[in-house]
Amino acid sequence: AAQGNHLAEHKRTHSNERPFSCDAPGCEFRGSKSSILKMHTRVHGREWIFVCDAPWCEHRAAQASHLVEHKRTHRGERPYACDA
(Lines give C-alpha, C1' and ligand atoms only; values in the text may rest on other atoms or scores of the structure.)
Protein backbone atom coordinates (compact mmCIF):
# COMPACT_ATOMS: atom_id res chain seq x y z
CA ALA A 1 0.00 0.00 0.00
CA ALA A 2 2.83 2.40 0.81
CA GLN A 3 4.36 1.94 -2.64
CA GLY A 4 0.99 2.70 -4.21
CA ASN A 5 0.95 6.03 -2.37
CA HIS A 6 4.44 6.88 -3.62
CA LEU A 7 3.42 6.06 -7.17
CA ALA A 8 0.29 8.22 -6.87
CA GLU A 9 2.42 11.11 -5.56
CA HIS A 10 4.90 10.65 -8.38
CA LYS A 11 2.19 10.65 -11.03
CA ARG A 12 1.04 14.05 -9.78
CA THR A 13 4.37 15.53 -10.89
CA HIS A 14 3.45 14.69 -14.48
CA SER A 15 -0.21 15.71 -14.29
CA ASN A 16 0.31 18.94 -12.32
CA GLU A 17 -2.45 17.73 -9.98
CA ARG A 18 -2.45 19.66 -6.67
CA PRO A 19 -5.08 18.06 -4.41
CA PHE A 20 -3.81 19.54 -1.12
CA SER A 21 -4.94 23.13 -0.65
CA CYS A 22 -4.14 25.66 2.05
CA ASP A 23 -7.13 26.68 4.13
CA ALA A 24 -5.70 30.02 5.29
CA PRO A 25 -7.94 32.96 4.30
CA GLY A 26 -6.82 34.45 0.99
CA CYS A 27 -4.16 31.82 0.32
CA GLU A 28 -4.37 29.98 -2.98
CA PHE A 29 -1.46 27.59 -2.39
CA ARG A 30 -2.02 24.02 -3.57
CA GLY A 31 0.47 21.18 -3.19
CA SER A 32 1.00 17.80 -4.80
CA LYS A 33 1.82 16.15 -1.44
CA SER A 34 0.44 16.58 2.05
CA SER A 35 4.02 17.05 3.32
CA ILE A 36 4.50 20.02 1.00
CA LEU A 37 1.28 21.57 2.29
CA LYS A 38 2.42 21.03 5.88
CA MET A 39 5.71 22.78 5.14
CA HIS A 40 3.83 25.66 3.48
CA THR A 41 1.41 26.16 6.40
CA ARG A 42 4.32 27.00 8.70
CA VAL A 43 4.45 30.38 6.99
CA HIS A 44 0.93 31.21 8.17
CA GLY A 45 1.49 29.90 11.68
CA ARG A 46 4.71 31.82 12.07
CA GLU A 47 6.55 28.57 12.78
CA TRP A 48 10.03 29.87 12.16
CA ILE A 49 11.76 26.75 13.48
CA PHE A 50 15.09 27.10 11.66
CA VAL A 51 17.33 29.68 13.33
CA CYS A 52 20.51 31.27 12.00
CA ASP A 53 23.48 30.37 14.21
CA ALA A 54 25.45 33.57 13.56
CA PRO A 55 25.72 35.28 16.98
CA TRP A 56 24.77 38.71 15.61
CA CYS A 57 21.85 37.48 13.50
CA GLU A 58 18.25 36.89 14.56
CA HIS A 59 17.04 35.50 11.21
CA ARG A 60 14.56 32.62 11.38
CA ALA A 61 13.06 30.55 8.57
CA ALA A 62 10.11 28.22 8.15
CA GLN A 63 12.07 25.89 5.86
CA ALA A 64 15.60 24.54 6.15
CA SER A 65 16.37 25.38 2.52
CA HIS A 66 15.51 29.03 3.15
CA LEU A 67 17.93 29.13 6.07
CA VAL A 68 20.66 27.65 3.86
CA GLU A 69 20.04 30.43 1.33
CA HIS A 70 20.12 33.05 4.10
CA LYS A 71 23.45 31.80 5.49
CA ARG A 72 25.04 32.41 2.10
CA THR A 73 24.56 36.15 2.68
CA HIS A 74 26.87 35.98 5.71
CA ARG A 75 29.56 34.29 3.64
CA GLY A 76 29.09 36.59 0.65
CA GLU A 77 28.19 33.66 -1.58
CA ARG A 78 26.34 34.33 -4.81
CA PRO A 79 26.10 30.90 -6.47
CA TYR A 80 23.54 32.01 -9.05
CA ALA A 81 24.37 34.65 -11.64
CA CYS A 82 21.91 36.65 -13.69
CA ASP A 83 22.69 36.65 -17.41
CA ALA A 84 20.64 39.78 -18.13
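In what follows, the structure referred to is the one given above.
Residues numbered from 1 in each chain as written. Predicted model: local features only at pLDDT ≥ 70, side-chain atom pairs only at ≥ 80, totals over all residues. Heavy atoms only, no water.

**Q** Mind laying out helix H3 (residues 64-75), listing which residues take part and the relevant values?
**A** For H3, built from 12 residues, the straight-helix expectation of 16 Å at 1.5 Å per residue is met to within 8% by its first-to-last C-alpha distance of 17 Å. Of the residues making up H3, those classed as buried are Leu67, His70 and Arg72. Close packing links the buried residues of H3 with strand S3 (50-51) and strand S4 (60-61). Just past H3, the residue glycine 76 takes up positive phi, approximately 70°. (Helix = DSSP H or I, 4+ residues; strand = E, 2+ residues; numbered from the N terminus. Expected span 1.5 Å × (residues − 1). Buried < 20%, exposed > 50% of the residue type's maximum accessible area, 1.4 Å probe, protein only. Contact = heavy atoms within 4.5 Å.)

**Q** Give me the lowdown on the state of the cysteines, citing residues and values where you can.
**A** Within this structure, the stated rule accounts for zero disulfides. Left without a disulfide partner, cysteine 52 is nearest to the cysteine sulfur of cysteine 57, which lies 3.9 Å away. (Disulfide = S-S within 2.5 Å.)

**Q** Break down helix H2 (residues 34-45) for me, citing the residues and quoting the values.
**A** Three- or four-residue spacings in an α-helix give side chains the same orientation, since the helix completes a turn every 3.6 residues. Under the 1.5 Å per step criterion, the end-to-end length of H2 is 16 Å for 12 residues, consistent within 8% with the ideal 16 Å. Regarding H2, the residues found buried are Leu37, His40 and Arg42. Packing partners of the buried residues in H2 comprise strand S1 (20-21) and S3.

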